[in-house]
Amino acid sequence: MMTATTAAAAKGRRRDGPARPPRGGKGRRTSAGPLFVAPFMVLFVLLFLAPLGYAAYLSLFQERLIGGTAFVGLDNYAQALGDAQFLHGVGRVALFFLIQVPVMLLLALLFALALDSGLLRLARVIRLGIFVPYAVPSVVATLMWGYLYGPDFGPFAQLSRKLDLPVPDFLSQGWMLGSLANIVTWEFVGYNMIILYAALRTVPTELYEAAAVDGAGAWRIAWSIKLPALRPALLLTLLFSVIGSFQLFNEPKLLMNVAPDVISSSYTANLYAYSLSFTGQQVNYAATVSFLLGLVIVIASYGVLLTANRRRTS
């Protein structure tokens, strides 16, 4: 039987509602958030902020034959802004960006639209075939294309000789930038295609059905529905391309062994910083060049975002 005390307690619970959790539970829940974020923050500080701060510290000093390491303030930055090798490297990668990125993003867009149309047979096989080059390491891809470009034993050269045609010199001064652009395009078309294709798969099918009811064809749907829906994804791929283009390193570094007369140690700004640090032992000046290159990337990325926002608001 229920005692009087038990009945009173039950009546009290009915009146006051369900039992409340202990007051200390909320504090434990709020303190759990920083604990989950802590591993990332530790790695972020140790692997990003600390090296960045140390590089900034190094850029303010200079190694001298007499007197050793001396504090020079912003003298290294003033020297880098007047360094013709650094400026030419930045200009070369800017030209590379203007040539390579539009071609790469256009191909990625066409492949994504073709796969999303549902008209291709073996669409999964085709999608995998386009994406596979991205899975190939850039070092392996550059070595492979370096062999294909070879003027002596490369397949293009051999085919040209058999057909009594001039042998194309893909590693010459006039062809080198285009050859590098071809390698990078082959590597990253699949990566950008996957991003755009994933964005297309999020578009509600009801929009396509409504457009088809209104008499819109496949081209009209692609132009009026799919392309506007792809703007955020295209902006994302464009930002990634800005960062990747100005950091161009692996491909020219490896092809420099094949065409040393064409690709110098300052062919790109990133390669120039590497050569200063590990070949010329100018660590302080290399840190300065790296910081200026990062500033160029930030400015270029901000310019892309600002242009995109202005077009969106207009």
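Residues numbered from 1 in each chain as written. Predicted model: local features only at pLDDT ≥ 70, side-chain atom pairs only at ≥ 80, totals over all residues. Heavy atoms only, no water.

On a plain count of helices and strands, the protein chain comes out with 14 helices and two strands. Within the span of the protein chain, comprising 314 residues, buried residues form 34% of the whole. A sequence separation of at least 24 residues applies to 66% of the contacts in the protein chain between residues at least 6 apart. When the accessible surface of the protein chain is split by element, carbon and sulfur atoms take 67% of a total near 20000 Å². (Helix = DSSP H or I, 4+ residues; strand = E, 2+ residues; numbered from the N terminus. Buried < 20%, exposed > 50% of the residue type's maximum accessible area, 1.4 Å probe, protein only. Contact = heavy atoms within 4.5 Å. Areas by Shrake-Rupley, 256 points an atom, 1.4 Å probe, with all protein chains shown as cover.)

It is worth spelling out the packing of aromatic side chains at this point. Evaluation of the coordinates by the stated rule reveals 17 aromatic pairs. Arranged with centres 5.6 Å apart and planes meeting at 40 degrees, the rings of Trp145 and Tyr149 form a pair that is tilted. You can see Trp145 and its partner Tyr149 sitting in helix α6 (residues 138-149), four residues apart, about one turn around the helix. Exposure class is identical for Trp145 and Tyr149. Each is buried. Pairing Phe170 with Trp175 gives two aromatic rings, centres 5.2 Å apart and planes at 90 degrees, and the pair type is edge-to-face. (Phe/Tyr/Trp six-rings, centres within 6.5 Å; stacked < 30°, edge-to-face > 60°.)

Another aspect to go through is the layout of surface pockets. To find the voids left in a structure, one rolls a probe of water-molecule size over its atoms. Here the largest pocket is characterised by a volume of approximately 660 Å³. Lining the largest pocket are 16 residues; nearest its centre among them are Arg231, Leu234, Leu235, Ala308 and Arg311. Listing elements by their share of the lining of the largest pocket, those giving two or more residues are α4 (84-117), α10 (218-229), α11 (231-246) and α14 (283-313). In terms of residue count, the dominant contributor to the lining of the largest pocket is α14 (five residues). Among the residues making up the lining of the largest pocket, the classes are represented as 12 nonpolar, one polar and three charged. Within this model, the second largest pocket holds a volume of roughly 420 Å³. (1 Å grid on protein atoms, 1.4 Å probe; cavity = no way out; pocket = protein on both sides within 12 Å on 5 of 7 lines; lining within 4 Å. Points joined across faces, edges and corners; volume = space filled by probe spheres on them. Nonpolar A, V, L, I, M, F, W, Y, C, P; charged D, E, K, R; others polar.)

Bringing the nonpolar core into the picture now. Membership of the largest hydrophobic core comes to 60 residues, with the highest contact counts inside it found for Met176, Leu230 and Ile263. Residue assignment for this core shows that the elements contributing at least two residues are α3 (75-81), α4, α6, α8 (176-201), α11, α13 (269-278) and α14. Here Leu230 is in contact with Leu109, Leu113, Leu196, Ala199 and Leu200, once residues within four sequence places are set aside. Membership of the second largest hydrophobic core comes to five residues, among which are Val203, Tyr208, Ile221 and Ile225. (Core = buried A, V, L, I, M, F, W, Y, C linked by side-chain atoms within 4.5 Å.)

A few words now on α8. Its 26 residues place the ends of α8 38 Å apart at the C-alpha level, agreeing with the 38 Å of an ideal helix rising 1.5 Å per residue. Along α8, the helix axis deviates most sharply at Phe188, where the bend reaches about 40 degrees. (Expected span 1.5 Å × (residues − 1). Bend = angle between axes of the 7 residues up to and from the residue.)

To continue, consider the environment of Tyr134. Residue position: Tyr134 is located in helix α5 (residues 123-135). Residue Tyr134 is classed as partly exposed on the basis of its relative accessible area of 33%. For the pair Tyr134 and Trp186, spaced 52 residues apart in the sequence, the C-alpha separation amounts to 7.9 Å. Sequence-distant contacts of Tyr134, that is, excluding residues within four places in its chain, are made with Glu187, Phe188 and Tyr191.

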